[in-house]
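Here's the letter readout for the chains.
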Amino acid sequence: MNAKEVSNELLTFIQNSPSMFHSIQSIRTYLDEAGFTYVPEETSWNLEKGKNYYTIRNHSSIIAFKIGKELDNYHFQMCASHSDSPTFKIKSVPELKGQGEYLKLDVEAYGGMIDATWFDRPLTVAGRVLVRNGNAIENKLIYIDKDLLLIPNVAIHFNREVNKGVALNRQIDLCPLFSCGKAKEGDFKKMIAKEAGVADEDLLGTDLFLVNRQRPCIWGYQDEFISSPKLDDLQCAFTTLKAFLASSNEHDISIYACFDNEEVGSNTKQGAMSTFLKDTLKRINTNLHMNDEDYYKAIAKSFLVSADNAHAVHPNHPEKTDAVNCAYMNKGLVIKESANQKYTTDAFSRSVLMQICHMAGTPFQTFANRSDVLGGSTLGNLSNIQVSVHAVDIGLPQLSMHSTYETAGVEDTATTIAALTKYYSTNIDITNFDHVEFK
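Note that the coordinates shown come from a computational prediction; the quantities given were computed from them, not determined experimentally.

The rules behind each value
Residues numbered from 1 in each chain as written. Predicted model: local features only at pLDDT ≥ 70, side-chain atom pairs only at ≥ 80, totals over all residues. Heavy atoms only, no water. Helix = DSSP H or I, 4+ residues; strand = E, 2+ residues; numbered from the N terminus. Expected span 1.5 Å × (residues − 1). Buried < 20%, exposed > 50% of the residue type's maximum accessible area, 1.4 Å probe, protein only. Pairing = 2+ DSSP bridges. Contact = heavy atoms within 4.5 Å. Axes fitted to C-alpha atoms, helices over the stretch in contact; angles between N-to-C directions. Core = buried A, V, L, I, M, F, W, Y, C linked by side-chain atoms within 4.5 Å. Phe/Tyr/Trp six-rings, centres within 6.5 Å; stacked < 30°, edge-to-face > 60°. Lys NZ or Arg CZ within 6 Å of the ring centre and 35° of its normal.

### A word on helix H2 (residues 20–33)
Phase 1 of the analysis: In a regular helix each residue adds 1.5 Å, so 14 residues correspond to 20 Å; H2 covers 20 Å between its end C-alpha atoms and thus fits that length.
Phase 2 of the analysis: For H2, the full list of buried residues reads Met 20, Phe 21, His 22, Ser 23, Ile 24, Ser 26, Ile 27 and Leu 31.
Phase 3 of the analysis: Just downstream of H2, Gly 35 is the residue with a positive phi angle, here 90 degrees.

### Points about the sheet that holds strand E19 (residues 397–399)
Phase 1 of the analysis: Pairing within the open sheet is mixed, and its 5 strands lie in the order E11-E12-E20-E19-E15. The open sheet has two free edges, formed respectively by strand E11 (217–219) and strand E15 (310–311), since each of these has just one partner strand.
Phase 2 of the analysis: Against the sheet, helix H1 (residues 3–15) engages E11 and strand E12 (225–228), with an angle of about 5 degrees to E12.
Phase 3 of the analysis: The sheet strands contacting helix H4 (residues 231–246) are E12, E19 and strand E20 (406–409), and the helix crosses E20 at an angle near 35 degrees.

### Section: the environment of Gly 380
Phase 1 of the analysis: Mapping Gly 380 onto the fold places it in helix H8 (residues 379–383).
Phase 2 of the analysis: As for Gly 380 and Thr 345, which are separated by 35 residues in sequence, their C-alpha atoms are 9.2 Å apart.
Phase 3 of the analysis: For Gly 380, the contacting residues outside a window of four places in its chain are Leu 304, Ser 306, Thr 344 and Asp 393.

### Focus: the nonpolar core
Phase 1 of the analysis: Among the nonpolar cores identified, the biggest contains 49 residues, and Ile 27, Leu 31, Ile 62 and Tyr 256 are the most heavily contacted of them.
Phase 2 of the analysis: Tallying contributions element by element places H4 first for this core, with 8 residues.
Phase 3 of the analysis: Non-local contacts of Leu 31, meaning those with residues more than four positions away in its chain, are made with Phe 36, Tyr 54, Ile 62, Ala 64, Leu 241, Phe 244 and Leu 245.
Phase 4 of the analysis: Listed in part, the 30 residues of the second largest apolar core include Tyr 53, Phe 65, Tyr 74 and Ala 272.

### A closer look at the packing of aromatic side chains
Phase 1 of the analysis: Per the stated rule, a full pass over the model turns up 18 aromatic pairs.
Phase 2 of the analysis: A ring pair is formed by Phe 36 and Phe 244, whose centres lie 5.7 Å apart and whose planes are at 45 degrees; its orientation type is tilted. Of the two residues, Phe 36 is situated in the loop between H2 and strand E1 (37–38) and Phe 244 in helix H4; the sequence distance between them amounts to 208 residues. The pair formed by Phe 36 and Phe 244 is uniform in burial state, with each residue classed as buried.
Phase 3 of the analysis: Look at Phe 88 and Trp 118: their rings are 5.5 Å apart centre to centre, the planes differ by 90 degrees, and that puts the pair in the edge-to-face class. Taken together, the positions of Phe 88 in strand E5 (residues 87–97) and Trp 118 in the loop between strand E6 (103–110) and strand E7 (123–133) put the pair 30 residues apart, joining distant regions of the chain. Both residues of the pair, Phe 88 and Trp 118, count as buried.
Phase 4 of the analysis: Aromatic ring contacts, followed pair by pair, group Phe 36, Phe 244, Tyr 256, Phe 303, Tyr 423 and Tyr 424 into a single cluster.
Phase 5 of the analysis: The side chain of Lys 66 reaches across the aromatic face of Phe 244, ending 5.0 Å from its centre.
Phase 6 of the analysis: The ring of Phe 209 has Lys 89 lying over it, and the distance from NZ or CZ to the ring centre is 5.9 Å.

The quantities given are spatial measurements derived from coordinates; they are silent on function.
Laid out in structure tokens, this is it:
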């Protein structure tokens, strides 16, 4: 497929992933179609060399793995991304009665979004609900395919200083409007129960989030740009998945991981800081009749690509980025570095990825924050708390990170897939922490 076709597939993937739970369902669909076997965490595993598997935690994180047939120099080659994006979570008691007959929703911020980008857009809700079925509790995905809500701006006539910048109060200013009279208190829960196909009293718990209904698009006279909700980080979840599925390597165990809760710190049972990755790797090791010593040797020879989108130079504010360690859309994947170790990249891991890009014939760029700007962190270092391996942080360059509608380049998805396919397909043989051969 050419770059535009790949970008269209990416945008379809994002549209099918309105919440982190749907993201994992979308990824699972790709894996099922590729013949992977689902191994639930709560069951006994019986893994075989040459076979492909995946497991899920909390319906919002997933780890897939391909076991090579020839594991004489056993190690893991991994990519990790995240399934969540900044949004607003609907509280368990969801309705707020306003003046007159207004009915609003009570929401709280999930992650660090740009609040003002949520105004005056058609919104809906998506996530999961837990429902009673006899003596059992079941999980159901919810997405209401309808322009359902909107957060209205205050008219400029009532806020003359709005264009000078306004401090928003999330408890007051960012409550979505649900009805102006036709819906009554209790109707939101009734609506969710109806969508789930259960009686009101059988709706027990909800993890529901606001979703921007604005359609993704490819735009520009030369079709240079893509814009969509959730590019951070579903673009990386998609590119790493496509590369993982397209690759073949009989001499390692290839790992694809997509974790939840990166936007709120990753310190949950399903986040990158959890035991999910370590538990999965150790279970693979045990199932292949390897001992603890084999596991520690494998970890010392393993490599992780932590994939989370990167900042492109802003066309109106180039001064926000470093003068030379900066990235542009459609110029290739970005290797992210940080002296304060917010990113995992060091000289060794950078060199490995540069060689992979050279072998793949794909472009790459470097990003570091301005020295007077404190950057954010991502999931690579957090996962390394549990599974300490050589790792490099990468991303695809984008504008408007954490806006509800973000922008990136059409070319970068395809070239990143090509680079990571080469990464997964190459046997990276690491010895003594400072020597590597590509086979």
